[in-house]
Amino acid sequence: MTLEKVPPSLRGELTRWLIEVQTGVYVGRVSATVRDLLWDKVVQHARAGRCTQVYRTNTEQGFAIRMHGEQHRTLLDLEGYALVAVRDARHAELMRDYQPPEELETL
Amino acid sequence: MTGEGNAIIWKRQNLRELPKFRDGTGYLYLEHTRLEQDGRSIQAFHPDGMVTIPVASLGVLLLGPGSTVSHSAMKAMSDTGCSVLWVGEQGVRLYASGVGEARGSVRLQRQARLWAHPKSHLRVVRQMYAMRFPEGLPQGLTLQQIRGREGARVRDAYARYSRAHGVKWTERKYNRANWDDATPINKALSSGTSCLYGLAHAAILSCGYSPGLGFIHTGKQLSFVYDVADLYKLEVVLPTAFREAARGPDELDRRVRQGLRDHMTNLRLLERMANDLLTLLDDHHEEDGDDDDVGDLWDPDGDVAGGVNHAGDDA
């Protein structure tokens, strides 16, 4: 779990369950219920901050990701494969020439 | 020909021998994208943003129509052992591929030796057939009888899945010139099979073998790919293809690829492929003959034994 620009008390709260290995980076092994409850708590109190949670699952990649408050990055699901898409200068440049395939319009 | 020749000799696998192929993820399909290198990362264009692709842990990258790859991106993928398959519309055709992470040729030489020697070639063929029959094959079948049983097994599998999912099955047929002519189940099978071929290809390259030296199939550059893919085709592709074809034609190929991902994970397919390849080609089998055989001395009247002193009394 990572936190950025969130209220200090939320950081403190998280350390009751997880260890803070670097500023804003929290690691620990908790049950699925606790993991979800912690996520709800973080999202509820994040205000303008950003947070990300990565946890183990039984998928091909072995983990799942969720994000909150992130402006530049979006989670992409490419046929079951999770990746992150970033909008940067290069993307803006390529986007100008991008022409969506015709099939997409009919979907 | 007959007798104990078809028993599988299972040997405990030295885990360190397994290439990293089995630890990675299977495949990723991209289309209408541009792949390039940025810093050391490989990035693909997506309408939502630039996507960094973890090529080193990826087995195969399936590139669909509208894809462009820069030279440096291609080189990086080749260096990290990610195979690249250019697939046609809906992933039907397999156009080309990169190289795997193997740099040595020890395994290639071993494969060539096994392939070239009729005794060991037959052993590998029998073992490949035996792997498809979980109940085992009776002793003493001729190759022709084994092929007959294999044909029946394939026919039964198609009939079984056809009944189970209520999808009418007549024959495996598609028209390369006009993709849309094919029935949905044939489309589903084609797009699933191309994923499987890609993975088999990547596994073969990754272990350092040649896709051209096939044992059951022969005479094509991808003969060994077909050999390896056939070991798993019924178990891997059929259930997903029939299930998705039964659900209707919308985005069929995409759904097949997604369904296969979970199915392959459950089957631990990547790990099994690497294991099976090494079991087939790397294990030592008594019946294969001795690699250190001294060889004979050529003589116009027929070869004479090498490794002995022919000087006789004159010595």
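Residues numbered from 1 in each chain as written. Chains lettered and ligands numbered in written order. Predicted model: local features only at pLDDT ≥ 70, side-chain atom pairs only at ≥ 80, totals over all residues. Heavy atoms only, no water.

All names here are of chain A. Judged by side-chain polarity, Ile19, Val21 and Val27 come together as a nonpolar surface patch covering roughly 270 Å² of accessible area. Residue placement: Val21 occurs in strand 2 (residues 19-22). According to the relative accessible area criterion, Val21 is partly exposed, its value standing at 48%. (Patch = residues over 30% accessible without salt bridge, like charges linked within 9 Å, V, L, I, M, F, W, Y side chains within 5 Å. Areas by Shrake-Rupley, 256 points an atom, 1.4 Å probe, with all protein chains shown as cover. Salt bridge = Lys/Arg side-chain N within 4 Å of Asp/Glu carboxyl O. Helix = DSSP H or I, 4+ residues; strand = E, 2+ residues; numbered from the N terminus. Buried < 20%, exposed > 50% of the residue type's maximum accessible area, 1.4 Å probe, protein only.)

The relation between two aromatic rings is expressed through the spacing of the ring centres and the mutual angle of the planes. Residue and element names in this part refer to chain B. Applying the stated criterion across every chain yields a total of seven aromatic pairs over all chains. Each ring, one from Tyr161 and one from Phe242, has its centre 6.1 Å from the other, and the planes form 20°; the classification is stacked. Note that Tyr161 is positioned in helix 4 (residues 143-165) and Phe242 in helix 6 (residues 223-246), a separation of 81 residues in sequence. Among the aromatic residues, those joined into a cluster by ring pairs are Tyr158, Tyr161, Trp169 and Phe242. Between Arg160 and the ring centre of Tyr161, over which it is positioned, the NZ or CZ distance is 5.5 Å. (Phe/Tyr/Trp six-rings, centres within 6.5 Å; stacked < 30°, edge-to-face > 60°. Lys NZ or Arg CZ within 6 Å of the ring centre and 35° of its normal.)

Attention now goes to the packing of helix 5 (residues 184-207) of chain B against helix 6 of chain B. All names here are of chain B. Running from amino to carboxyl end, helix 5 crosses helix 6 at an angle of 145°, the nearest separation of the two axes being 8 Å. The two elements helix 5 and helix 6 cross, and the hand of that crossing is right-handed. Here the residues of the contact of helix 5 with helix 6 sort into 20 nonpolar, three polar and one charged. (Axes fitted to C-alpha atoms, helices over the stretch in contact; angles between N-to-C directions. Left-handed = near helix turned anticlockwise from the far one by under 90°. Nonpolar A, V, L, I, M, F, W, Y, C, P; charged D, E, K, R; others polar.)

All names here are of chain B. Grouped together as the largest cluster of nonpolar side chains are 64 residues, with contacts concentrated most on Leu199, Phe224, Val236 and Met273. Within the residue set of this core, elements represented by two or more residues are strand 1 (25-30), strand 5 (58-63), helix 3 (118-132), helix 4, helix 5, helix 6, helix 7 (252-267) and helix 8 (269-281). Excluding its chain neighbours within four sequence positions, the residues that come into contact with Leu199 are Phe21, Gly26, Tyr27, Val60, Met264, Leu269, Leu270 and Met273. (Core = buried A, V, L, I, M, F, W, Y, C linked by side-chain atoms within 4.5 Å. Contact = heavy atoms within 4.5 Å.)

Let us look at the pattern of salt bridges. Under the counting rule described, the total for this entry stands at 22 salt bridges over all chains. With a closest N to O distance of 3.8 Å, Arg50(A) and Glu70(A) form a salt bridge. Highlighted residues: Arg50(A) in strand 4 (residues 50-56) and Glu70(A) in the loop between strand 5 (63-68) and strand 6 (73-78), separated in sequence by 20 residues. For Glu60(A), the salt bridge goes to Arg261(B), with nearest N and O atoms at 2.6 Å. Separated into two different chains, Glu60(A) in the loop between strand 4 and strand 5 and Arg261(B) in helix 7 make up a pair that spans both. Across the pair, exposure class does not vary: Glu60(A) and Arg261(B) are buried alike. It is possible to trace a salt-bridge network through shared partners that takes in Arg90(A), Glu93(A), Arg34(B) and Glu36(B).

Attention now moves to the sheet that holds strand 5 of chain B. All names here are of chain B. Sheet architecture is open: three strands sit in the order 1-5-7, paired in parallel fashion. The outermost strands of the open sheet, each flanked by one partner alone, are strand 1 and strand 7 (83-86). Between one strand and the next, the sheet's axes are offset by a mean angle of 20°, whatever the strand orientation. Taken together, the four bridges between strand 5 and strand 7 define a ladder with parallel strand orientation. Along strand 7, the bridge assignment pairs Val60 with Ser83. (Pairing = 2+ DSSP bridges.)

This part takes up the sheet that holds strand 3 (residues 41-46) of chain B. Taken together, six strands build an open sheet; the order of strands is 6(A)-7(A)-4(B)-3(B)-2(B)-6(B) and the sheet is mixed. Both edges of this open sheet fall to strand 6 of chain A together with strand 6 (68-69) of chain B, since each of them pairs with a single strand only. Two strands pair when backbone bridges link them, and strand 6 of chain A and strand 7 (residues 81-86) of chain A are joined in this way by six bridges, in the antiparallel orientation. Within strand 7 of chain A, the residue paired with Asp77(A) across the bridge is Ala82(A). Docked against the sheet, helix 1 (residues 71-79) of chain B engages strand 2 (34-38), strand 3 and strand 6 of chain B, running at close to 80° with respect to strand 2 of chain B.

Okay, the pairing of strand 1 of chain B next. All names here are of chain B. Summarising burial for strand 1: six of the six residues are buried, a large majority. When strand 1 meets strand 5, the two strands line up parallel, connected through five bridges. Each residue of the ladder has a partner; that of Leu28, found in strand 5, is Leu61.

Here we take up unusual backbone geometry. All names here are of chain A. Residues other than glycine seldom take positive phi values, yet Lys5 does so here, at roughly 55°. Secondary-structure assignment places Lys5 in the loop between strand 1 (2-4) and helix 1 (8-14). One non-glycine residue, Arg47, lies in the positive phi region at around 55°. Turning to its location among the elements, Arg47 is positioned in the loop between helix 2 (32-45) and strand 4.

Alignment of strand 7 of chain A against strand 4 (residues 49-52) of chain B, held across two bridges, turns out to be antiparallel. Bridge assignment links Ala85(A) to a residue of strand 4 of chain B, and that residue is Val51(B). Inspection of the sheet shows strand 3 of chain B paired to strand 4 of chain B by four bridges, in the antiparallel sense. In the strand pairing of strand 4 of chain B, Ala44(B) is matched with Val51(B). Hairpin connection from strand 3 of chain B to strand 4 of chain B: two residues lie between these consecutive antiparallel strands.

What follows deals with the interface of chain B and chain A. Residue-level contacts link 28 residues of chain B with 22 residues of chain A. Between chain B and chain A, roughly 2,400 Å² of surface is buried when both sides are summed, and carbon and sulfur atoms account for 59% of that area. When residues of chain B are sorted by the area they lose upon contact with chain A, Phe45(B), Met50(B) and Arg261(B) head the list and together hold 24% of the total. Note that Arg257(B) and Glu79(A) form a salt bridge whose closest N and O atoms lie 2.7 Å from each other. Here chain B is connected to chain A by 11 residue pairs in polar contact (both at pLDDT 80 or more). Secondary-structure elements contributing two or more residues to the side of chain B that touches chain A are strand 1, strand 2, strand 3, strand 4 and helix 7 of chain B. Considering every element that reaches the side of chain B that touches chain A, the biggest residue donor is strand 1 of chain B, with six residues. (Buried area = accessible area lost by both parts, 1.4 Å probe. Polar contact = N/O pair within 3.5 Å; in protein donor to acceptor, adjacent residues only side chain to side chain.)

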